[in-house]
Structure formats: structure tokens, C-alpha cells
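An overview of the molecular structure
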Amino acid sequence: MVEQVAEYTVVANAFNAEYGGFGSWFTTVTMKSGTNAVHGMVYDYFGNDDLNARNFFQGPVKQKLRQNEGGFQVGGPVYIPRVYDGRNKTFLFFRQGLYYARLGGTGGLQTVPRADFKTGDFSRFVDGT
């Protein structure tokens, strides 16, 4: 969706008549509009555990990660030969995003309470010393 955004603004003081006189802040997002030339893009953000360092808290096993977040977009004028010429009037913008992820276990430390702790008996509790 980042490719569709033309302008993003944060209004920090909305206590005037222009914005309805309520609230303390809000955001406005302006989407891209078309041009008379056809433009398009294909993209893929690729993630793989072979490219990542091990997390400090994971222990000796790295989490398996296979992630692709990609898609395509196209924009331009609406033009139907001998029917409609939308240059400078009507524009089309289309985007399709695709997401795929496969994650494995982290191999991190897991703590499971003993049966006597679950019943509230902490008489055999031993501290770290």
C-alpha cells in the first residue's frame, strides 16, 4: 500500500473550524492519481532465515522464515479506442498485494509450572542461589 500513497500528513492541533473543531490530532492520506502515461510496477519483499541473524533470546536454534510480500500495480488513463478517450479526464489505478509466510518454532526457552505449583504448593520452590 505504500506505493499508492502520494502524501501523508499529521495535523497536530485540530481545534479549528476547518477540521470540525474537535479532537487533538488526526492524519490525512492522499492517494496517487493517474497520469496520461501508463505506469506500472512489480515488486517482491523477500525474507529468509538464511539472511537473518539469530535473535538474542532464541537460543541456539534460529526460527525458520520464508516470507514473500509482493504484488503489482498499474495506472494510467482510461482509453477505449473509438469509444472513449479519458486522457486528462478519467484515470485508472489498480494494485494487487500478495503475502505468503511460513514460520517455524523459535526453539526458545519455555517454562511449564510443575503440578504442585499449579495447586498452590510452593514449599519445594528453590531460588537461583
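To start, this report covers the structure provided alongside it. (Residues numbered from 1 in each chain as written. Predicted model: local features only at pLDDT ≥ 70, side-chain atom pairs only at ≥ 80, totals over all residues. Heavy atoms only, no water.)

Before going further, it helps to examine unusual backbone geometry. For Arg82, which is not a glycine, the phi torsion comes out positive at approximately 60°. You can see Arg82 is positioned in the loop between β5 (79–80) and β6 (84–85). Judged by relative accessible area, which is 88%, Arg82 ranks as exposed. (Helix = DSSP H or I, 4+ residues; strand = E, 2+ residues; numbered from the N terminus. Buried < 20%, exposed > 50% of the residue type's maximum accessible area, 1.4 Å probe, protein only.)

Taken in spatial order, the three strands of this open sheet run β3-β4-β7, and their pairing is antiparallel. Of all the strands in the sheet, just β3 (39–48) and β7 (91–103) have a single pairing partner and so form its edges. Here the strands of the sheet are splayed against their neighbours by 5° on average, with no regard to which way each runs. Here strand β4 (residues 65–77) runs beside β7; their pairing, made up of 13 bridges, is antiparallel. (Pairing = 2+ DSSP bridges. Axes fitted to C-alpha atoms, helices over the stretch in contact; angles between N-to-C directions.)

This next bit is on a nonpolar patch on the surface. The grouping of Tyr8, Val10, Trp25, Val29 and Met31 at the surface amounts to a nonpolar patch, some 540 Å² of accessible area in total. Only β1 (5–11) and β2 (26–31) provide two or more residues apiece to the nonpolar patch. Its location among the elements puts Trp25 in the loop between β1 and β2. Note on Trp25: relative accessible area 56%, which makes it exposed. (Patch = residues over 30% accessible without salt bridge, like charges linked within 9 Å, V, L, I, M, F, W, Y side chains within 5 Å. Areas by Shrake-Rupley, 256 points an atom, 1.4 Å probe, with all protein chains shown as cover. Salt bridge = Lys/Arg side-chain N within 4 Å of Asp/Glu carboxyl O.)

Within the structure shown, the criterion is met by four salt bridges. Two residues, Arg66 and Asp49, come together in a salt bridge whose shortest N-O distance is 2.0 Å. With Arg66 in strand β4 and Asp49 in the loop between β3 and β4, the pair connects residues that are 17 residues apart, well separated along the chain. Residue classification places Arg66 among the partly exposed positions, given a relative accessible area of 26%. For Asp116, the salt bridge identified is with Arg124, shortest N-O distance 3.3 Å. Of the residues examined, Asp116 reaches a relative accessible area of 15% and is grouped as buried. Taking relative accessible area as the criterion, Arg124 reaches 56% and is therefore assigned exposed. The structure contains a network of salt bridges with shared partners spanning Arg114, Asp116 and Arg124.

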